[in-house]
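Overview (structure and organization)
Residues per chain, in single letters:
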Amino acid sequence: MKNAPRHCLLAAAVGLLLGGDALAQTKQTVEGAHQFLNSVPNRSTRYVPERVATFDGIPAMYNLWVRKTDNIDQSGNVNPCVTRITEMEYENAGVYAGGVRWTASTDGVAILRPLSEFPLPRYINWGKVSITRLANSMSDGSGKRELILATSGATDGYGLNVADPLMADRVEYAMRFLQASCDEAASTGF
């Protein structure tokens, strides 16, 4: 009988230790960042070729819907630091100008370069991207969204457009994590 309370305390301590493992945060990895970006609810994933459109003569961002990606690099190898865009939807393309998303058929939108100059697949090398975050709204008044955009080189951008500001923070963090983890200097620890 005297040992009963000790056993109860020991069982409670073991339960707390085991329960603590369930609450511990999973280690952040490049693969985990990709899984997160692919699982963001209510997102629209975009490919943004640079310098392709204007709106009333002012540079605008032209964007297409990304439908399928993987992590195969230009050499055909699996590379978690590369996103390869293998399928896009060209219909319902949009143009961002003045913080508003317009359809590509809207008056004032001019497409300066043919999309044939951007053949599939397209590659985003996460170690060489710049991350920007843009607030925008829909031209039909359906709401505000945030576009978190990773641009790579002079011709490619990959972005997620989300409505929830807290989710936008998480998306931006995941993209910056990919950027930092895949940077060629990352092995130095800085």
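Here, the structure is the one placed above.
Now for a look at the structure at hand. Note that this is a predicted model, so its numbers are computed, not measured. (Residues numbered from 1 in each chain as written. Predicted model: local features only at pLDDT ≥ 70, side-chain atom pairs only at ≥ 80, totals over all residues. Heavy atoms only, no water.)

Some remarks on the pairing of strand β4 (residues 82–97)
What counts is decided by this rule: Whether two strands pair comes down to DSSP finding at least two bridges between them. Helix and strand assignments come from DSSP, with helices taken as H or I runs of at least 4 residues and strands as E runs of at least 2, each series counted from the N terminus.
Alignment of strand β3 (residues 58–70) against β4, held across 8 bridges, turns out to be antiparallel. Following the sheet pairing, Met-61 is matched in β4 by Tyr-96. Across 4 bridges, the pairing between β4 and strand β7 (residues 122–125) is antiparallel. Looking across to β7, one finds that Arg-84 is bridged to Tyr-123. Connecting the antiparallel pair β4 and strand β5 (residues 100–103) is a turn made up of 2 residues, with Gly-98 showing a positive phi of about 60°.

Here's the deal with helix α2 (residues 30–39)
We count it as follows: For the exposure calls, accessible area comes from a 1.4 Å probe over protein chains only, and a residue counts as buried if that area is under 20% of its type's maximum, exposed if over 50%, partly exposed in between. An arc is given here, and it is the one of the directions from the helix axis to the C-beta atoms. Whether two residues are in contact is decided by their heavy atoms: any pair within 4.5 Å suffices.
Within the span of α2, buried status applies to Val-30, Ala-33, His-34, Phe-36 and Leu-37. Buried residues of α2, seen end-on, are gathered within an arc of 160° and therefore sit on one face of the element. Taken together, the buried residues of α2 touch β4, β10 (156–162) and α3 (165–182).

Description of the pattern of salt bridges
Put simply, the test is: Any Lys or Arg side-chain nitrogen located within 4 Å of an Asp or Glu carboxyl oxygen qualifies as a salt bridge.
Summed over the entire model, instances satisfying the criterion amount to 8 salt bridges. Its salt-bridge partner being Asp-70, residue Arg-84 comes within 2.5 Å of it at the nearest N-O pair. Taken together, the positions of Arg-84 in strand β4 and Asp-70 in strand β3 put the pair 14 residues apart, joining distant regions of the chain. For Arg-133, the salt bridge is made with Glu-172, and the minimal N-O distance between the two is 2.8 Å. Of this pair, Arg-133 sits in strand β8 (residues 129–138) while Glu-172 sits in helix α3, and the two are 39 residues apart along the sequence. Classification of Arg-133 by relative accessible area gives partly exposed; the value is 27%. Under the relative-accessibility criterion, Glu-172 is labelled buried at 17%.

Here's the deal with unusual backbone geometry
Look at the link from Leu-120 to Pro-121: it is a cis peptide, with omega at -5°. The topology assignment puts Pro-121 in the loop between β6 (109–111) and β7. At Arg-51, a position not held by glycine, the phi torsion is positive, near 55°. Positioned with a positive phi, Asp-56 is a non-glycine residue whose angle comes to about 50°. Structurally, the position occupied by Asp-56 is in the loop between β2 (53–55) and β3. Under the relative-accessibility criterion, Asp-56 is labelled exposed at 55%.

Side note on the state of the cysteines
To be explicit about the condition: The term disulfide is used for any two cysteine sulfur atoms that are within 2.5 Å.
As enumerated under the stated definition, the model contains 1 disulfide in all. With a sulfur-sulfur separation of 2.2 Å, Cys-81 is cross-linked through a disulfide to Cys-182. Measuring handedness by torsion sign, the sulfur bridge of Cys-81 and Cys-182 sits at about -80° and is left-handed. In this pair, Cys-81 sits in the loop between β3 and β4 while Cys-182 sits in helix α3, placing the two residues 101 residues apart along the sequence. Taken as a pair, Cys-81 and Cys-182 share a single burial class, namely buried.

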